[in-house]
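Structural description and commentary
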Amino acid sequence: MAIAALAALLPFAACSSHAPAGSEQPGAGASARPAAEAPSADLQPFYAQRPAWKACGDGFQCAKIQVPLDYSKPTGERIDLSVIRLPATGKRVGSLLINPGGPGGSGIDYARAARSVVSDKVRAQFDVVGFDPRGVGQSTPVTCMTASQLDAYIGMDSSPDTPAEVTALDRESKLFADNCGAKSARLLPHVGTADAARDMDVLRGVLGDRGLTYLGKSYGTYLGAMYADLFPKHVRALVLDGAVDPAVPSLKSNEVQAKGFEVALKAFVEDCFLDKSCPFKSRTVDGAMQEISDLLSRADRQPLKNDLGDGRQINEAWAVIGIATPLYERAAWPRLREALAKAMNQGDGTELLQMADLLVDRRADGSYSNQTEANMAINCVDHPFPKSLAAYRKAAGQAAKAAPHFGPFVMWGSLPCAYWPVKSVGTDKPLKAAGAPPILVVGTLRDPATPYEWAQGLASELTSGVLLGYDGDGHTAYRSGSACVDSAVDDYLLALRTPKSGTICPKTG
């Protein structure tokens, strides 16, 4: 669900704008947010598509549909969206569209795990449908960087201590933006979340559903809320799990997210003390947190050992990403204990690097998915960011005080948006979705990537928002071990019954 490099992969800090003269700008309405109505005559052919579904392994069916590149010019250029579905196992009610977040996460890959992502009860009545949003994966992807360039970008020093390091960071960030502009110019103005939400309504029509049933996680909650704001009368049931608050200004959102990772790291440390394999010499949380700081400082001065043989230096940036990755899921905490033990006692960062590769979607052969590029492209269009280097320097300093381990990484990770070749067309403001039926917003109390306060904010801003909390750890709650959360979500999806708003599911049960 999705940070220098760390920000490139999480919801808003993943979001990570000084548009050069003559840069291509979005067409009118490319990602604007007027209230959407019934499809115009020009859009009707898109809604009337009948996909040619073909078997694509393990019971799944795959197809492609077409949508306008620019919704303000529906008779113009078209782009492809890749779609996958797992047919319902029982009496079919409709389709459940799912999104894993990011932005930039592949809905195709996520749907491949549908048997664990969604309960058997829900799968019995709904086709589980995933799609790669525009600009992502198999759906007309944004392309920017070579694999070696991404290695350099992700591994750059994103907590700069000297003017020279700030200059290097600035140079790499501008290179990222320039490369995206050079390779994906026609697509960049049209990859925003409003356009993706319009695509979802086309997909709803193509699937034959009168109302959208949807499960969105992390950034997927923003996509779902945007859909409800544009198409409130087309909503059947939306579960927004690991919620993002669209009303929080971009740099403030970065800081809040960094603090969320700090809270999760402290929860990990407290749990670590209960296991004999815990690597910390100190027996206090503050002491252990300082040991982690010392490890990162050592990696900043002298890279950790890398046994993968790929030539990468495991510096502070890679180590931070490696620490952040297992905070997403409590079940990964034992591996983090082991990785920290090797790094602190043996100077070996190999396991931290392997975990970092999971978050940035770097494959064993050294190639990457386009997750990082799509993430940046979507966020730079969706949200206004400062254009001056001084603004990021000041914000990074404030974030370092609030979240010393993650603050600078999250904040500086948005710097490419200062140089993005197209203007942001979004605004950070509440999404109300007036007229929509009840929408279930789910938040985990110690979620590292999407802090609980965002779920509270989104639920209060949506006219029909219903808040469900989970007193747990890790990123998102549904199908993460809480029978209470699972039961409430299933009941809503199947019978449209919502829990009392503000209900908190206990840590166990």
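That block above? That's the structure.
For the structure given in this document, a descriptive report is provided here.

Description of the pairing of strand β3 (residues 78–86)
Within β3, seven of the nine residues are buried, which leaves the element mostly enclosed by the surrounding structure. The pairing of strand β2 (residues 61–68) with β3 spans eight bridges and is antiparallel. Considered in β3, the bridge of Ala63 is made with Val83. Strand direction decides the pairing type here: β3 and strand β5 (residues 126–131), joined by four bridges, are antiparallel. Directly across from Ile84, in β5, lies its bridge partner Gly130.

Comments concerning helix α18 (residues 483–495)
For α18, which comprises 13 residues, the first-to-last C-alpha distance of 17 Å matches the rise-based estimate of 18 Å (1.5 Å per residue) to within 8%. Buried within α18 are the following residues: Val485, Asp486, Ala488, Val489, Asp490, Tyr492 and Leu493. Leu496 sits one or two positions beyond α18 and adopts a positive phi of about 65°.

A short note on the side chain of Arg337
With respect to the helices and strands, the residue Arg337 is situated in helix α12 (residues 333–346). Given the relative accessible area of 10%, Arg337 is considered buried. A distance of 3.3 Å separates polar atoms of two side chains, one belonging to Arg337 and the other to Asp275.

A few points about the pattern of salt bridges
The tally for this structure, following the rule as stated, stands at 24 salt bridges. Notably, a salt bridge pairs Arg330 with Asp473, separated by 2.6 Å at the nearest N-O pair. Of this pair, Arg330 sits in the loop between α11 (316–324) and α12 while Asp473 sits in strand β9 (residues 465–473); the two residues are 143 residues apart in sequence, bridging distant segments of the chain. In this structure, Lys507 and Asp473 form a salt bridge, with 3.9 Å as the shortest nitrogen-oxygen distance. Placement of Lys507 in the segment after β10 (503–505) and of Asp473 in strand β9 is noted, with a sequence separation of 34 residues between them. The network of salt bridges with shared partners includes Asp271, Asp275, Arg330, Arg337, Arg446, Asp471, Asp473 and Lys507.

Thresholds applied
Residues numbered from 1 in each chain as written. Predicted model: local features only at pLDDT ≥ 70, side-chain atom pairs only at ≥ 80, totals over all residues. Heavy atoms only, no water. Buried < 20%, exposed > 50% of the residue type's maximum accessible area, 1.4 Å probe, protein only. Helix = DSSP H or I, 4+ residues; strand = E, 2+ residues; numbered from the N terminus. Pairing = 2+ DSSP bridges. Expected span 1.5 Å × (residues − 1). Polar contact = N/O pair within 3.5 Å; in protein donor to acceptor, adjacent residues only side chain to side chain. Salt bridge = Lys/Arg side-chain N within 4 Å of Asp/Glu carboxyl O.

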